[in-house]
Amino acid sequence: MKIVLNHKCYLTKSEFLKYQEEFLNIKTSHELIMCPSNLFVALFALPEVSLGVQDVSASEIGSHTGEIAASQLREMNVEYAIIGHSERRKENHEDEEIINKKIENLILQEMTPILCVGETKEEKEHGKTLEVIKEQLSILKKHNTKKIIIAYEPVWAIGTGSIPTTEEIDAVLEYIKTHFPGATLLYGGSANETNVTTLKNSKYIEGYLLGGLSLKQEKLQIFLNLC
Ligand code: PGA
């Protein structure tokens, strides 16, 4: 399984260094991709773990104050980037056009995009889940999707403790697999060491995107043992 650890905007420098030292005790045969704050990319030193970031600029290197370009990240040994996380779609007004440019820039640098898709509570209640997913994935038609990771993250499940049923997850992942057979499929949204035994019943989950759990190493270890 591929396990993506999304630290979001947590951990100060001293906390990150302590976290990283403790992380050397994590034992797993799963493939781990850690996405800390951009500030810690240069401090990253975990030999068994791949390095990712939580976003990338839609622009290429140039006059874009405050941005970080894919080519800059590549030279820092960053291999993956989370794109289109619902927190960025909401707080930074990222639309499909911006997300598409980010994917283009990553592919140019031979980095792997981890594209997040998912419906809001309201969209789910109106039976629009697949419609929303289809729209969010429409940009992928232009790309070679063999090197793309797609994370199904229902917005209403992120950080709430609620998860969809395995049947609901599989209905979405089956749709994605049919249309993008080369992509690797993850589930994200309140996945934890307790519900992983239920999530394991999914026929399509090939890994997880973990937010809150990524910061609790004891529980993360239990999760990794069980998944
Ligand atoms: P969560 O976050 O695991 O804390 O729900 C997942 C995410 O936002 O990627």
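Structure: see above.
The text that follows walks through the structure, step by step, so that each part is easy to find. Predicted model, so just to flag it, every value in this text is computed and none were measured.

This brings us to the overall build of the protein chain. Helix and strand counts for the protein chain come out as nine helices and eight strands. The globule rule puts the C-alpha radius of gyration for 227 residues at 17 Å, and the 17 Å found for the protein chain is close to it. Expressed along its principal axes, the backbone C-alpha trace of the protein chain runs to roughly 45 × 40 × 30 Å. Within the protein chain, contacts between residues at least 6 apart in sequence are counted, and of these 68% link residues at least 24 apart. As displayed, the protein chain offers around 11500 Å² of accessible surface, 50% of which is attributable to carbon and sulfur atoms.

Attention now goes to the site of the ligand. In the vicinity of the ligand, the contacting residues are Asn6, Lys8, His85, Glu153, Ile158, Gly159, Gly189, Ser190, Leu209, Leu210, Gly211 and Gly212. Note that an oxygen atom of the ligand is positioned 2.7 Å from one of the side-chain N or O atoms of Lys8. For the ligand, the protein covers 94% of the area, taking 280 Å² as the surface of the free molecule. Across the shell around the ligand, the residue classes break down as three nonpolar, seven polar and two charged.

So, on to unusual backbone geometry. With a phi close to 75°, Leu11 is a non-glycine residue in the positive phi region. Along the polypeptide, Leu11 turns up in the loop between strand 1 (2–6) and helix 1 (13–23). In the Ramachandran plot, His93 falls in the positive-phi region, its phi being about 55° despite a non-glycine side chain. Positionally, His93 belongs in the loop between helix 3 (86–91) and helix 4 (96–108). Classification of His93 by relative accessible area gives exposed; the value is 63%.

Taking strand neighbours around the barrel as the criterion, the eight strands line up as 1-2-3-4-5-6-7-8 in a closed arrangement whose pairing is parallel. Neighbour-to-neighbour, the strand axes of the sheet open up by a mean angle of 25°, direction not taken into account. Bridging between strand 1 and strand 8 (residues 207–210) involves four bridges; their strand directions are parallel. Each bridged residue has a counterpart across the sheet, and for Ile3 the counterpart in strand 8 is Tyr208. Packed on one face of the sheet, helix 6 (residues 129–137) meets strand 5 (112–117) and strand 6 (149–152) and runs near 150° to strand 5. The sheet contacts of helix 7 (residues 166–179) involve strand 5, strand 6 and strand 7 (184–188), and relative to strand 7 the element is tilted by about 155°.

Our focus in this paragraph is the pairing of strand 5. In terms of residue burial, strand 5 counts as a mostly covered element, since six of its six residues are buried. Residues Thr112, Ile114 and Cys116 point to one face of strand 5 and Pro113, Leu115 and Val117 to the other, with burial holding for every one of them. By the bridge criterion, four bridges tie strand 4 (residues 80–83) to strand 5 in an arrangement that is parallel. Directly across from Tyr80, in strand 5, lies its bridge partner Thr112. Pairing of strand 5 with strand 6, which is carried by four bridges, proceeds in the parallel orientation. Within the sheet, the bridge partner assigned to Val117 lies in strand 6 and is Tyr152.

Per the stated rule, a full pass over the model turns up 12 salt bridges. The shortest N-O distance in the salt bridge between Lys18 and Glu22 comes to 3.5 Å. In this pair, Lys18 and Glu22 are both assigned in helix 1, four residues apart and thus about one turn of the helix distant. The class of Lys18 is exposed, set by a relative accessible area of 52%. On the accessibility criterion, Glu22 (38% relative accessible area) is partly exposed.

Scoring rules and cut-offs
Residues numbered from 1 in each chain as written. Predicted model: local features only at pLDDT ≥ 70, side-chain atom pairs only at ≥ 80, totals over all residues. Heavy atoms only, no water. Helix = DSSP H or I, 4+ residues; strand = E, 2+ residues; numbered from the N terminus. Rg over C-alpha atoms; globule rule 2.2 N^0.38 Å. Contact = heavy atoms within 4.5 Å. Areas by Shrake-Rupley, 256 points an atom, 1.4 Å probe, with all protein chains shown as cover. Near = heavy atom within 4 Å. Polar contact = N/O pair within 3.5 Å; in protein donor to acceptor, adjacent residues only side chain to side chain. Nonpolar A, V, L, I, M, F, W, Y, C, P; charged D, E, K, R; others polar. Buried < 20%, exposed > 50% of the residue type's maximum accessible area, 1.4 Å probe, protein only. Pairing = 2+ DSSP bridges. Axes fitted to C-alpha atoms, helices over the stretch in contact; angles between N-to-C directions. Salt bridge = Lys/Arg side-chain N within 4 Å of Asp/Glu carboxyl O.

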